[in-house]
Number of protein chains: 2
Amino acid sequence: MFDSIALPHRLDKDEFVALSEKLREKLLDAQFELQERKQKAILLLINGSDGAGKGEVVNRLYDWLDDHFLETLSYGEPTEEERLRPLEWRYWRDLPAKGRIGLVLGGWHHRPLSKRADGDWDRDAFGTALEEINRAEEMLHQEGVVVVKVWLHVNEEAAQRRLQKLREADGAMRRPTVIEWGEVSGKRLTRLREAALELVEKTSTGHAPWAVVSAEDKRYRDAAVAELLLQALERANAQQTAAAEPPPAAVARSVDLPRASLVSSLDLSQQVDRETYAERLEALQRRLSELTTAKSFSRRALVSVFEGNDAAGKGGAIRRVRAALDPRRFRVDGIAAPSDEELARPYLWRFWRRAPRLGHIEIFDRSWYGRVLVERVEGLCSRDDWMRAYTEINDFERQLTRARIAVVKFWLAISPEEQLRRFEAREAQPTKRYKLTPDDWRNRDKWPAYEEAVNEMIDRTSSRHAPWTLVEADDKRLARLKVLERIVERLEADG
Amino acid sequence: MFDSIALPHRLDKDEFVALSEKLREKLLDAQFELQERKQKAILLLINGSDGAGKGEVVNRLYDWLDDHFLETLSYGEPTEEERLRPLEWRYWRDLPAKGRIGLVLGGWHHRPLSKRADGDWDRDAFGTALEEINRAEEMLHQEGVVVVKVWLHVNEEAAQRRLQKLREADGAMRRPTVIEWGEVSGKRLTRLREAALELVEKTSTGHAPWAVVSAEDKRYRDAAVAELLLQALERANAQQTAAAEPPPAAVARSVDLPRASLVSSLDLSQQVDRETYAERLEALQRRLSELTTAKSFSRRALVSVFEGNDAAGKGGAIRRVRAALDPRRFRVDGIAAPSDEELARPYLWRFWRRAPRLGHIEIFDRSWYGRVLVERVEGLCSRDDWMRAYTEINDFERQLTRARIAVVKFWLAISPEEQLRRFEAREAQPTKRYKLTPDDWRNRDKWPAYEEAVNEMIDRTSSRHAPWTLVEADDKRLARLKVLERIVERLEADG
């Protein structure tokens, strides 16, 4: 989950100045509209490691927003007054009225996380607490309170550096410091990280997903949080005008913060020469054949998902996998438009009906990820629909893996230039021309929207049980070998 | 929870014939409309103890509905085919298309219940499974599949009698019998009951609440299930016409099945004479004073909720409680229309802000139950809103009790005749006339709607941690003593 966080996220000073001008103007407009309508309240929960700069973000938001309709709700150790009341009381006490924005530090996620990291709570007790939080946030959603959840992330080194600075500055009374997490080191740190991941996974709902924001660069951090708040404000205002969800175009990003993207960070220049390829291919196919015909495989199964840019070579890669398999035991599903039968049921139904029996292999050429890719980008479903799909898909894949079906997912990535070359080659070749449709050209124009959707998909569905593998596919040989290697690896690991 | 189930629920033959005529006509109309529109599918999950007659209900529904658009989905031990797939696969495989109705026997709740009753799963593992079910049902709801959940209840004797009969009939091949729960006796039965209650509590959501139906009388049972299905059909059809929730009047019950009601089953003729009253009152007030001024009470608190018919004597009962309390440590909250401040926030906020500190007592003259009483009956909120309120209220009260605040709830019940007498007396007496408003007279006309709301409220919110106490209030002395006794009992138990 959220692997993209490790990428560099920064803004230089000029970029930041230009952006903050824009952000400020739009934030104020949106905030006044919220205040005028008095139909929704916004709670922005700012969480994250110590030293990530939660307080600084709040200060920046005060600069950019109108502080008359803004309040900071900051929670630490319970006060005397709070200790005499139920734990939940202080959050209720401070709930902002409709039309207002609350910036929450140390919110309701803090205690379960802490308990879990300290080892006071086992996984199930932690899960129970998170479910109670989900019910409460669902209730807030239904009652017109928009919950926006941000996790500020810094790597540990950076965090320690900043904490040290804060401590030194403290002596000079520069700023009161709250070290929320206590001494964080070694085992506790590991547990805290694991718990935080679990928290983000289990409490990301359709209406209140977590956003994980890189906080290494302060300018990027502040702009990214402000942008999330702006989006929430604009959605809240739009929902008040129209009863129906506005078309996605209307809530498209109104400020352009550069995205760090896993997909665009790939090195697509790598190549494999012909001889190495032939040799490796044969060895891998032989191994795959062994693994899938072994007796032990009759108690397991494999689902392999192929997604990627148009013309990225999914078909070619699938053929190389298929060639190694017993034809009685695999099926390749090309997923195109759903049938009438399928449209009459929940979108996952068409994939459930294709779930393989034990001992079998199901290969999906495109898949359930259409929901968060094409359906999202083309506006075929609402934001709530594709947002909740991440959780639904994670549940679905967990149910498969729990039943001993390995789920191996590939994103085949090519550069726009390579795609253009391939499109043109297809056009020129009569036997391949059928593969190219006007849709393919149209999709090219939406490259940035697709890239954003792909990146979010990978961040939100690369779960422990079913991680994504990103495949550099400008070189087809390299791509095919990587796909086969990964499948073999996974089957060997499952033993 | 669902205490009303113990009341007699029956229909005589003539009632049944008249009712079934009506049900059949309306069911067919509604079913055809569903089929025409093809926007929603219905899943009716029929669960319950062995011998409750689940199969018979299905047969009856086949008589009353058009079997072209109806299917039975029955699950027992997994077949060979099913064992080779994930557990969830068979339910997905059988999911009916939009426009159709599926009758589900042995649905997805069966396995967790069984595991829990067998002691294979602890409370937390059970909870985790139930949460996964909730997420799946939420997804179905979002995708246009209406889930209706029925639990058929018979007392154990009746169940054993019927099972015996079925076993004997089996020899003659009269009907295939599935004994779902295996040998149910002693410890396992107790655990099964506890688990079933927990299941019903934890998986009753706003859009898919459980209905517990008395199955002692077959005619009543069949009519009640059919009525639930009819309501679901009519709601589904209504939602397709208007985007907004239709006003509650439009989905009012269209068939009149007589209700068994906890409230109307009370014996209101009991009386207490003046001397006994004076003596007991003094003793109880003294004891209450002791309990609430004891040192140990400084680590606890009390919330007492008074609800009841208009003129049932809530004020008088509250005064008798208040008289025993230290004025620095209690507050009486008369709950009338919410303030602007309160309207700008979720409905529970006004009650959370009144949560007592430890060592204190908060008395609510009317309460958060307004949501499921007046707001429901007057159509001030949608069905989804008051349906989800049961869960929200149970969560709220659990959070209070977890913080060592005892929650003691009273429903003061009077007969319509006694209410009329009191209204007339108030009108006649100038000092009391202000207590009577035109609303009171209007509410009298809605007696049956209120009674249904009250009964459902008690059934769904009489939780282990905060049960309701029903108070026979035609005799004011009796009512006041019972209230004091119950509070004293509860504080002594916690002591």
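Residues numbered from 1 in each chain as written. Chains lettered and ligands numbered in written order. Predicted model: local features only at pLDDT ≥ 70, side-chain atom pairs only at ≥ 80, totals over all residues.

**Q** Lay out the overall build of chain A in plain terms, naming residues and giving numbers.
**A** Counting its secondary structure elements, chain A contains 19 helices and 10 strands. Computed over the C-alpha atoms, the radius of gyration of chain A is 25 Å, within 12% of the 23 Å expected from 2.2 N^0.38 for a compact globule of 495 residues. With the principal axes as the frame, chain A shows a C-alpha extent of 70 × 50 × 45 Å. Looking at chain A as a whole, 39% of its 495 residues are labelled buried. If you take every contact in chain A between residues at least 6 apart in sequence, the share linking residues at least 24 apart comes to 84%. (Helix = DSSP H or I, 4+ residues; strand = E, 2+ residues; numbered from the N terminus. Rg over C-alpha atoms; globule rule 2.2 N^0.38 Å. Buried ≥ 20, exposed ≤ 12 C-beta atoms within 10 Å, placed from the backbone. Contact = placed C-beta atoms within 7 Å.)

**Q** How would you sum up helix H10 (residues 274-293) of chain B? Please name residues and give values.
**A** Residues and elements named next belong to chain B. Relative to the 28 Å expected for 20 residues at 1.5 Å per residue, H10 spans 28 Å between its end C-alpha atoms, a close match to the ideal helical length. Residues of H10 that are buried include every one of Leu-284, Leu-288, Leu-291 and Thr-292, and no others. Down the axis of H10, the buried side of the element spans an arc of 80°, and every buried residue falls inside it. Along H10, the residues that are exposed and aim more than 90 degrees away from the buried face are Glu-275, Ala-278, Glu-279, Glu-282 and Arg-286. On the buried face of H10, the contacting elements are strand S8 (361-365) and helix H19 (476-494). (Expected span 1.5 Å × (residues − 1). Arc of directions from axis to C-beta.)

**Q** Please provide a residue-by-residue account of the sheet that holds strand S4 (residues 145-153) of chain A, values included.
**A** All names here are of chain A. In space, the five strands of this open sheet follow the order S2-S3-S1-S4-S5, with parallel pairing throughout. On the outer flanks of this sheet lie strand S2 (70-74) and strand S5 (210-214), each paired with one strand and no other. The average angle at which neighbouring strand axes cross in this sheet is 25°, direction not considered. Relative to strand S3 (residues 101-105), strand S1 (residues 41-48) runs parallel, the two sharing five bridges. Directly across from Leu-45, in S3, lies its bridge partner Val-104. (Pairing = 2+ DSSP bridges. Axes fitted to C-alpha atoms, helices over the stretch in contact; angles between N-to-C directions.)

**Q** Which residues make up the interface of chain A and chain B, and what values go with them?
**A** Accessible area lost when the parts come together is the quantity often used to give the size of an interface. Counting from both sides, the interface comprises 45 residues of chain A and, opposite them, 45 residues of chain B. Secondary structure elements with two or more residues in the side of chain A that touches chain B: helix H4 (89-93), helix H6 (123-142), helix H13 (349-352) and helix H15 (383-402) of chain A. If you tally residues by element for the side of chain A that touches chain B, the top one is H6(A), at 10 residues. Its residues placed into classes, the side of chain A that touches chain B shows 22 nonpolar, five polar and 18 charged. (Nonpolar A, V, L, I, M, F, W, Y, C, P; charged D, E, K, R; others polar.)

**Q** An account of the relation of the copies chain A and chain B is needed here, citing residue identities and associated values.
**A** Superposition of chain A onto chain B requires a rotation of 180° combined with a translation of 0.0 Å along the rotation axis, giving an RMSD of 0.1 Å. The transformation relating the two chain copies, once decomposed into turn and shift, fits a two-fold axis. Relative to the rotation axis, the closest C-alpha in chain A is found at A:Asp124, a distance of 2.8 Å. Take the interface residues of chain A: 100% of them recur as interface residues in chain B, which is what a same-surface contact looks like. (Least-squares fit on C-alpha atoms with pLDDT ≥ 70 in both.)

**Q** A description of the environment of A:Ser462 should follow, citing residues and the corresponding values.
**A** Residues and elements named next belong to chain A. Locating Ser-462 in the fold gives a position in the loop between helix H18 (447-461) and strand S10 (468-472). Sequence spacing of Ser-462 and Lys-409 is 53 residues, and the spatial spacing of their C-alpha atoms is 9.0 Å. Not counting residues up to four positions away in its chain, the partners in contact with Ser-462 are Met-1, Asp-3, Pro-467 and Trp-468.

**Q** Which residues make up unusual backbone geometry, and what are the values?
**A** Outside of glycine, negative phi angles account for most residues, and trans bonds account for most peptide bonds. All names here are of chain A. In this structure, Lys-38 is a non-glycine residue whose phi angle is positive, near 50°. Mapped onto the elements, Lys-38 comes out in the loop between helix H1 (13-37) and S1. The phi torsion at Ala-311 lies on the positive side, around 65°, for a residue other than glycine. By secondary structure assignment, the location of Ala-311 is in the loop between strand S6 (301-308) and helix H11 (314-322). Its 22 C-beta neighbours within 10 Å are what place Ala-311 among the buried residues.

**Q** An account of the packing of H15(A) against helix H6 (residues 123-142) of chain B is requested, with residue identities and associated values reported.
**A** Two elements in contact, H15(A) and H6(B), have axes separated by 11 Å at closest approach and are oriented at 130°. In terms of their interaxial angle, H15(A) and H6(B) are classed as oblique. H15(A) and H6(B) meet at a crossing whose hand is left-handed. Contact residues: H15(A) offers A:Arg388, A:Thr391, A:Glu392 and A:Asp395, while H6(B) offers B:Glu132, B:Arg135, B:Met139 and B:Gln142. Broken down by class, the residue content of the contact of H15(A) with H6(B) amounts to one nonpolar, two polar and five charged. (Parallel < 35°, antiparallel > 145°, perpendicular 65-115°, else oblique. Left-handed = near helix turned anticlockwise from the far one by under 90°.)

**Q** Break down the domain arrangement of chain A for me, with residues and values.
**A** Residues and elements named next belong to chain A. Domain annotation for chain A reports domain 1 (3-260) and domain 2 (264-494). Here the C-alpha centroids of domain 1 and domain 2 sit 34 Å apart. Contacts between the two partners involve 14 residues from domain 1 and, on the opposite side, 15 residues from domain 2. A breakdown of the residues in the side of domain 1 that touches domain 2 according to their chemical character gives five nonpolar, five polar and four charged. (Domains from an automatic or database assignment.)

**Q** Any details on the pairing of strand S1 (residues 41-48) of chain B? Residues and values, ideally.
**A** All names here are of chain B. Within S1, eight of the eight residues are buried, which leaves the element mostly enclosed by the surrounding structure. Of the strand pairs in this sheet, S1 and strand S4 (residues 145-153) are connected by eight bridges, and their pairing is parallel. Following the sheet pairing, Leu-43 is matched in S4 by Val-147.

**Q** If you had to explain helix H11 (residues 314-322) of chain B to someone new, which residues and values would you point to?
**A** Residues and elements named next belong to chain B. Among all positions in H11, only Lys-314, Ala-317, Ile-318 and Val-321 are buried. All buried residues of H11 project into a common sector of 100° when viewed along the axis, lining one side. Of the surrounding secondary structure, the elements contacted by the buried residues of H11 are strand S6 (301-308), strand S7 (330-334), S8, strand S9 (405-413) and H19.

**Q** Provide a residue-level description of the sheet that holds strand S3 (residues 101-105) of chain B, including the pertinent values.
**A** Paired through backbone hydrogen bonds, the strands of a sheet run either parallel or antiparallel to each other. All names here are of chain B. Ordered in space as S2-S3-S1-S4-S5, the five strands form an open sheet in which the pairing is parallel. In the strand order of this sheet, the two ends are held by strand S2 (70-74) and strand S5 (210-214), each with one partner. Pairs of neighbouring strands in the sheet enclose a mean axial angle of 25°, with direction left out of account. As defined by bridge partners, S2 adjoins S3 across five bridges and the pair is classed as parallel. Bridged to Leu-73 within S3 is Val-104.

**Q** Lay out the environment of B:Leu34 in plain terms, naming residues and giving numbers.
**A** Residues and elements named next belong to chain B. Position of Leu-34 among the secondary structure elements: in helix H1 (residues 13-37). Through-space distance from the C-alpha of Leu-34 to that of Ala-236 is 7.7 Å; in sequence the pair is 202 residues apart. If near-sequence neighbours (up to four positions away) are discounted, Leu-34 is found in contact with Lys-40, Ile-42, Gly-99, Leu-233, Ala-236 and Asn-237.

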